[in-house]
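Residue strings, one per chain:
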Amino acid sequence: MNSKAQLNGYPINQAEYIDSPALLIFPALVQANIDALKSLSKNTDNLRPHIKTNKSPEAVKMMIDSGIQKFKCATIAEAEMLATVGVKDILLAYQPTGPKLLRYLALLKQYPDIKWACLVDSIHTAEYINAVAAQYDQQLLVYLDINVGMNRTGILPNKASFELFLYCSTLSHLQPIGLHAYDGHIRQKDLVERRVACEKAFALVFALKNSLANLGLGTITIVAGGTPTFPIHAQRDDVECSPGTFIYWDKGYQMSYPEQLFTPAAILLTRVVSVIDAHHFCVDLGHKSVASENELTSRVFFPAMPKITFVSQSEEHLVLHYKNHGMEVGCIMYGIPYHICPTVALYERAAIIEDGQWVGEWHHTARDRKITY
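Remember, it's a predicted structure, so these values are computed and weren't measured experimentally.

Novice: Can you tell me about the sheet that holds strand β4 (residues 115-120), naming the residues and giving the values?
Specialist: Read across the sheet, seven strands follow the order β2-β3-β4-β5-β6-β7-β8 without closing on themselves; strand pairing throughout is parallel. Across the chains shown, the open sheet's two edge strands, defined by having one partner strand only, are β2 (70-73) and β8 (239-241). For this sheet, the mean inter-axis angle between neighbouring strands, taken without regard to orientation, is 30 degrees. As judged from the three bridges shared by β4 and strand β5 (residues 140-146), these two strands associate in the parallel manner. Bridging from a neighbouring strand, L119 pairs with Y143 of β5. Along the sheet face, helix α4 (residues 99-110) touches β3 (89-92), β4 and β5 and points at about 160 degrees away from the line of β4. Where helix α6 (residues 159-170) meets the sheet, its contacts fall on β4, β5 and β6 (174-181), and the angle it forms with β6 comes to roughly 150 degrees.

The structure is reproduced here in structure tokens:
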């Protein structure tokens, strides 16, 4: 079976030289996704992409070259990677505690010209972060982490969050500058229904912002949303949007949010490692090669065999059923992950394909839990 013919729109002329399983990235499609992101936003200055998906200096540089200047991340390694490529405005969308706070403070000391910020969601933690920052003589910018329905971290947008913001403003080494609200639970496929749910979830956030602004506390910035609600928040004048998946896209979001004009820019290359019989074969795409939190049939999509049946998967193997498949050991297949973010985290590097040629690799520098700090 011709491997090149199995992936229309993704020419790969040297696939036989790429070891498998492999993650392939097409920079031209990455750029097209960045351009689409900008076209969907009212203002490029309101874009603060999350780099949890790409974890790559090269991908971040492409966004910087496209005029995007602010970024969001979730780990200290991601924050350091952003700093090393010259980003000047970084939000650590996490409430740092224990060693993570000390690592964060070390980054601030190493890169004093960067505008850093992190999250807080309680008086107790605000006091703790303030006390440690005072020990290290650091002034920290913070966003309140607002719970709009994810129910994993954050404080509800009510009187308590109003009081927390005011309290943070009285602490010696904290300066609250905004509200962070991630609405990853809002996933309705229908855009109208998604918009209604988003407006309902954020009504109290905007009310909280207005109440704080009326006290003359300076500019209150809202950082909101992920990829599903990006089309909604992108039309607001006063919200910084932080989608992440858009840059590589995946089958799951492609099916769920067809109104978003992004294209899968990262795909998987796998090989047949065993032919079981005329209707069953095994490829080298196990749990360690593609995100496996979804049920078996929703982990990878093979465009050349859309009706293929998934039999089983283990750490290094994926058994497939396709009547009279005609496969031989060594045959190449290409797949689109259903969830690209954790899939990228399974690969320390990706093969880069330009004009149909394998031209090099991008290292996922921020895949590691620790770089320097």
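Novice: Can you lay out the nonpolar core for me, pointing to particular residues and giving the numbers?
Specialist: Counting 100 residues, the largest nonpolar core has L179 and Y248 as its most contacted members. Among the elements that make up this core, the one with the highest residue count is helix α7 (residues 191-213) (seven residues). With 14 residues, the next largest nonpolar core counts I12, L24, Y334 and I353 among its residues.

Novice: Please set out α7 residue by residue, giving values where relevant.
Specialist: Since there are 3.6 residues in each turn of an α-helix, residues three or four apart along the chain are aligned in direction. In this model, α7 (23 residues) spans 31 Å end to end at C-alpha, consistent with the 33 Å of a helix rising 1.5 Å per residue. Of all the bends in α7, the greatest, near 35 degrees, is centred on F202. Residue D190 occupies the N-cap position of α7, its side-chain oxygen lying 3.1 Å from the main-chain nitrogen of V192.

Novice: I'd love a proper account of the packing of α6 against α7, names of residues and values included.
Specialist: Where α6 meets α7, the closest approach of the two axes is 10 Å, and the angle between their N-to-C directions is 40 degrees. One finds that α6 runs oblique with respect to α7. The two elements α6 and α7 meet at a crossing, and its hand is right-handed. Facing α6, whose interface residues are S161, F162, F165 and L166, α7 presents L208, S211 and L212. Across the contact of α6 with α7, the residue classes break down as five nonpolar, two polar and no charged.

Novice: Give a description of unusual backbone geometry that names residues and reports values.
Specialist: Put simply, S20 and P21 share a cis peptide bond, and its omega is -5 degrees. Position of P21 relative to the elements: it lies in the segment before β1 (22-25). In the Ramachandran plot, W249 falls in the positive-phi region, its phi being about 60 degrees despite a non-glycine side chain. Its place among the elements puts W249 in the loop between β8 and α9 (251-256). Here W249 falls in the buried class, since its relative accessible area comes to 1%.

Novice: Give a description of the pattern of salt bridges that names residues and reports values.
Specialist: A side chain with one charge may pair with a side chain of the opposite charge, provided their charged atoms come close. In the structure shown here, the tally under the stated rule is 13 salt bridges. Salt-bridge contacts for R349 lead to E348; the nearest nitrogen and oxygen are separated by 2.9 Å. For the salt bridge of R349 with E361, the shortest nitrogen-to-oxygen distance reads 3.2 Å. With R349 in strand β15 (residues 349-354) and E361 in strand β16 (residues 357-363), the pair connects residues that are twelve residues apart, well separated along the chain. Judged by relative accessible area, E361 falls into the partly exposed class, the value being 37%. The network of salt bridges with common partners includes R48, K70, D89 and E240.

Novice: Lay out the packing of aromatic side chains with the relevant residues and their values.
Specialist: Within this structure, the stated rule accounts for eight aromatic pairs. When the ring of F246 is compared with that of F262, the centres are 5.8 Å apart and the planes differ by 55 degrees; the resulting orientation is tilted. Here F246 is found in the loop between β8 and α9, whereas its partner F262 is found in the loop between α9 and β9 (266-277), with 16 residues between them in sequence. Considered together, F246 and F262 belong to a single accessibility category, that of buried residues. Look at F302 and F310: their rings are 6.2 Å apart centre to centre, the planes differ by 20 degrees, and that puts the pair in the stacked class. Across the pair, F310 and F302 agree in class, each one buried.

Quick notes on the rules
Residues numbered from 1 in each chain as written. Predicted model: local features only at pLDDT ≥ 70, side-chain atom pairs only at ≥ 80, totals over all residues. Heavy atoms only, no water. Pairing = 2+ DSSP bridges. Helix = DSSP H or I, 4+ residues; strand = E, 2+ residues; numbered from the N terminus. Axes fitted to C-alpha atoms, helices over the stretch in contact; angles between N-to-C directions. Contact = heavy atoms within 4.5 Å. Core = buried A, V, L, I, M, F, W, Y, C linked by side-chain atoms within 4.5 Å. Buried < 20%, exposed > 50% of the residue type's maximum accessible area, 1.4 Å probe, protein only. Expected span 1.5 Å × (residues − 1). Bend = angle between axes of the 7 residues up to and from the residue. Polar contact = N/O pair within 3.5 Å; in protein donor to acceptor, adjacent residues only side chain to side chain. Parallel < 35°, antiparallel > 145°, perpendicular 65-115°, else oblique. Left-handed = near helix turned anticlockwise from the far one by under 90°. Nonpolar A, V, L, I, M, F, W, Y, C, P; charged D, E, K, R; others polar. Salt bridge = Lys/Arg side-chain N within 4 Å of Asp/Glu carboxyl O. Phe/Tyr/Trp six-rings, centres within 6.5 Å; stacked < 30°, edge-to-face > 60°.

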